[in-house]
Amino acid sequence: MTSLSPAPLPPRIPENAPFSAEQRAWLNGFIAGLLSLDGREGQVAGAPAAAAKDDPLDDGDDGAAPWHDQTLPLAKRMALAEGRPLRRRMMAAMGQQDCGQCGYSCEDYADAIFLRAETELNLCVPGGKATIRMLKALHAELEGEGAPAQAVAPATPSGGPTRDRPVMASVVGVTRLNAEGSAKETNHVELAVEPAGLPYAVGDSLGVFATNDPALADAIVLRLGAEPEAEVGDGNGRSRRLRDALLEDVSLAPAPDELFELLAGLAGGETERRRLLAMAQGDDPDGDLETLDVLAALEKFPGLQPAPRDLIGALGALQPRLYSISSSPKVEPGRVSITVDALRYLAGGRPRKGLASCFLAERVKAGDRIPVYIQKARDFALPSDETPIVMVGPGTGIAPFRAFLQERLARKASGGAWLFFGHRHEATDFLYREELEGFQAAGTLTRLTTAWSRDGAEKVYVQHRLRAEGRELFRWLEEGAHFYVCGDAARMAGDVERALREVVAEHGGLDAAGARAYLDGLAKAGRYQKDVY
Ligand SMILES: Cc1cc2nc3c(=O)[nH]c(=O)nc-3n(C[C@H](O)[C@H](O)[C@H](O)COP(=O)(O)OP(=O)(O)OC[C@H]3O[C@@H](n4cnc5c(N)ncnc54)[C@H](O)[C@@H]3O)c2cc1C
Ligand SMILES: NC(=O)c1ccc[n+]([C@@H]2O[C@H](COP(=O)([O-])OP(=O)(O)OC[C@H]3O[C@@H](n4cnc5c(N)ncnc54)[C@H](OP(=O)(O)O)[C@@H]3O)[C@@H](O)[C@H]2O)c1
């Protein structure tokens with residue numbers, strides 16, 4: 001059946017209204033995005049309630065956050081925050097992904113540090129070492145300020161397991177999703193927390209605490225020339241053995257600034273000491289700083305021998321990793337699944353393994369118990385059952401959409417569902433193929449569009465398919481569809497947004513400003529949601 005292209009959107013801002021042509025175009029697009037739900041207005045988030053007068057966060061700041069864009073470099077973000085209150089500059093120093101890995105949103109993490117409710121400055125994973133350094137500099141401004149320590153609302157409602165209060169889950173099984181011959185290893189990891197299960201909803205993520213690779217811990221023990229059982233203490237006056245601390249307590253990648261400072265204190269000569277201190281500030285004299293994990297940093301300075309206790313003291317705490325949940329609690333209460341790409345690469349001539357993804361791929365077996373918690377999604381959830389949804393999830397980005405489809409099947413939801421899935425090869429990397437076909441047969445998945453990037457002479461990505469299906473896609477949006485993206489934040493999410501903007505411009509008869517505003521309107525109405533990492 002061919003569908004007619006919808007008529008271009010009628011302008012809603014009168015020609016004689018006091019706006020420039022560009023402002024009028026933006027406003028028309030914005031209102032069109034808000035109203036495209038069959039003419040009904042979407043749910044617009046209300047303005048935040050006015051802060052209480054004695055609230056230390058009530059500093060007169062207008063709340064705008066122009067730096068809240070993960071594609072902006074740190075220097076640009078800090079420039080945009082210049083002159084703003086300290087807590088706002090702290091927010092600008094964060095990675096801007098609102099990924100929840102620190103246990104907060106970017107804004108809440110900054111506020112928690114400002115209120116002295118959070119003392120750890122190294123929790124922002126996307127921001128990396130540059131964010132840590134900037135936060136340390138900004139934190140120095142807090143010295144001498146008398147703001148009282150205040151509690152900040154936890155990201156997960158009380159009662160459920162949290163980052164600070166995980167529960168033990170039993171591993172039911174780890175199954176590779178790629179067929180024989182694929183260069184990728186993506187695993188379906190099934191866990192059980194029985195009998196009560198975990199209080200999660202589709203769209204939430206699972207926090208997983210992994211342990212370090214024993215081979216890496218052993219190599220560090222060997223490099224230190226220490227006994228694995230050497231006493232290093234746990235920092236709270238209790239006994240802790242070196243190998244256990246290396247396995248369970250501290251991060252072994254990347255090498256933190258504090259390690260270079262420790263090595264600088266041991267340096268034999270002034271030149272080496274200065275070099276190490278410069279590296280602790282982010283200088284990269286040999287162009288290899290990015291490749292230095294703890295072992296590589298120790299091996300780079302073979303003459304320097306830190307004491308085991310000092311080494312452990314210089315390393316950051318081992319952090320959990322988040323995975324988008326790929327199951328619905330309605331299907332099997334007590335169970336939860338995640339979809340994990342095993343990260344392996346070569347750096348500095350040594351094979352490296354992602355901490356949690358390879359822990360799950362290589363070292364857990366059925367029956368093992370691992371600590372987990374739920375990271376509630378902030379703005380990533382299914383709409384009402386009758387509302388159509390468009391899901392774009394290449395690679396592991398498919399994870400939450402499997403959960404959405406399971407949930408919709410269980411609820412017998414009537415709304416249309418369109419999935420854009422992409423991966424390398426159809427024959428080996430069509431993750432959850434049979435299940436997706438099952439959802440199609442059941443009528444839960446009404447359209448499936450695939451993009452195989454390495455099957456033809458040219459790369460075909462999901463955004464190419466979005467453009468090719470532009471007319472129909474725009475029709476879905478005009479009929480009120482919610483648009484979801486999940487997966488790589490660095491490139492894919494931006495490319496998809498560009499394609500979506502082009503589709504809206506072409507089929508909605510909007511210029512660039514109008515198309516941008518249309519997407520802003522969708523986002524504001526909760527109809528454009530992202531789970532990107
Ligand atoms: C909300 C959220 C949801 C997520 N959902 C999923 C999901 O469903 N499935 C999934 O697989 N992942 C998901 N992730 C990503 C996941 O949390 C981990 O980041 C990922 O598994 C890697 O973690 P790791 O511990 O295995 O690797 P780590 O030990 O953390 O190593 C990763 C680091 O290695 C370095 N690195 C990576 N590749 C290279 C390279 N080629 N060269 C040099 N250095 C490199 C980078 O510094 C990178 O930060 C999600 C993340 C978030 C925030
Ligand atoms: N930081 C980064 O740059 C980056 C990028 C991607 C993934 N990752 C990480 O890698 C892990 C697993 O990745 P994954 O299995 O989800 O995906 P993946 O294997 O990296 O990619 C899945 C599919 O997406 C394609 N793709 C690559 N670039 C794209 C783009 N700009 N737009 C749209 N599609 C694109 C890939 O094509 P080709 O491979 O053939 O180009 C492949 O077909 C995750 O932990 C993720 O965070 C990181």
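Residues numbered from 1 in each chain as written. Chains lettered and ligands numbered in written order. Predicted model: local features only at pLDDT ≥ 70, side-chain atom pairs only at ≥ 80, totals over all residues.

Ranked by internal contacts, the top residues of the largest apolar core, which has 81 residues, are Val 390, Met 391, Val 496 and Val 504. Here this core gets eight residues from one element, more than from any other, and that element is helix α18 (residues 492–508). Excluding residues that lie within four positions of it along the chain, Val 496 makes contacts with Val 392, Val 462, Gln 463, Leu 466 and Val 485. Among the nonpolar cores identified, the runner-up in size contains 26 residues, and Ala 217, Ile 220, Leu 276 and Leu 298 belong to it. (Core = buried A, V, L, I, M, F, W, Y, C linked by C-beta atoms within 7 Å. Buried ≥ 20, exposed ≤ 12 C-beta atoms within 10 Å, placed from the backbone. Helix = DSSP H or I, 4+ residues; strand = E, 2+ residues; numbered from the N terminus. Contact = placed C-beta atoms within 7 Å.)

In this section: the site of ligand 2. Around ligand 2, the surrounding shell holds 23 residues, and the nearest of these are Asp 341, Gly 395, Thr 396, Ser 453 and Met 492. For the shell around ligand 2, the secondary structure elements donating two or more residues are β10 (417–423), α16 (462–468) and α18. For the shell around ligand 2, the class distribution of residues is six nonpolar, nine polar and eight charged. (Near = placed C-beta within 6 Å. Nonpolar A, V, L, I, M, F, W, Y, C, P; charged D, E, K, R; others polar.)

What the five strands build is an open sheet, ordered β11-β10-β9-β12-β13; its pairing is parallel. Here the strands that pair on one side only, and so sit at the sheet edges, are β11 (447–452) and β13 (528–532). Within this sheet the neighbouring strands show an average axis-to-axis angle of 10°, counted without direction. Sheet topology note: the strand β9 (residues 389–392)/β10 ladder contains four bridges and is parallel. Counterpart to Ile 389 in the pairing with β10 is Ala 417. (Pairing = 2+ DSSP bridges. Axes fitted to C-alpha atoms, helices over the stretch in contact; angles between N-to-C directions.)

For the rest of this paragraph, the subject is the confidence of the model for the chain. Overall, the predicted model of the chain reaches an average pLDDT of 90, with 87% of residues at or above 70. In the model, residues 1–6 has pLDDT below 50 throughout and makes eight contacts with residues more than four positions away in sequence or in other chains. Note that pLDDT drops below 50 for residues 37–52; the model gives that stretch 19 contacts with residues more than four away or on any other chain. (pLDDT = per-residue confidence, 0-100.)

If you check the shell around ligand 1, you find 25 residues, and the closest are Cys 99, Gly 354, Leu 355, Ser 357 and Tyr 533. For the shell around ligand 1, the secondary structure elements donating two or more residues are β4 (321–324), β5 (335–341), β6 (344–347) and α12 (355–363). Classifying every residue of the shell around ligand 1 by side-chain character gives 14 nonpolar, eight polar and three charged.

Contact geometry of helix α8 (residues 257–266) with helix α9 (residues 270–280) gives a least axis separation of 8 Å together with a crossing angle of 165°. By the angle between their directions, the pair α8 and α9 is classed as roughly antiparallel. Where α8 crosses over α9, the two elements pack in a sense that is left-handed. Note on element contacts: α9 touches α8 through Arg 273, Leu 276, Leu 277, Met 279 and Ala 280, opposite Asp 257, Phe 260, Glu 261, Leu 263 and Ala 264. (Parallel < 35°, antiparallel > 145°, perpendicular 65-115°, else oblique. Left-handed = near helix turned anticlockwise from the far one by under 90°.)

As a further point, take the sheet that holds strand β2 (residues 186–192). Within a sheet, each strand pairs with its neighbour through backbone hydrogen bonds, oriented either parallel or antiparallel. Judged by pairing direction, the sheet is antiparallel, and its six strands sit side by side in the order β4-β3-β8-β1-β2-β5 without closing on themselves. Each edge of the sheet is formed by a strand with only one pairing partner; in this case those strands are β4 and β5. Across this sheet, the average inter-strand angle for adjacent strands is 40°, counted without regard to direction. Inspection of the sheet shows strand β3 (residues 205–208) paired to strand β8 (residues 369–375) by four bridges, in the antiparallel sense. Each bridged residue has a counterpart across the sheet, and for Leu 206 the counterpart in β8 is Ile 374.

Right, let's get into the environment of Arg 447. Take Arg 447: it is sitting in strand β11. Expressed as a C-alpha distance, the spacing of Arg 447 and Trp 418, which sit 29 residues apart in the sequence, is 4.5 Å.

All right, on to unusual backbone geometry then. Most of the time, phi is negative for any residue but glycine, and the peptide bond is trans. Here the amide bond leading from Ala 253 into Pro 254 is cis, since omega sits at -10°, within 30 degrees of zero. Residue placement: Pro 254 occurs in the loop between α7 (242–248) and α8. Even without being a glycine, Asp 98 presents a positive backbone phi close to 50°. Positionally, Asp 98 belongs in the loop between α3 (86–93) and α4 (106–114). Using a count of 21 C-beta atoms within 10 Å as the deciding quantity, one classes Asp 98 as buried. For Arg 116, which is not glycine, the phi dihedral falls at a positive 65°. Along the chain, Arg 116 turns up in the loop between α4 and α5 (128–142). Looking at Arg 116, the number of C-beta atoms within 10 Å reads 15, which means it is partly exposed.

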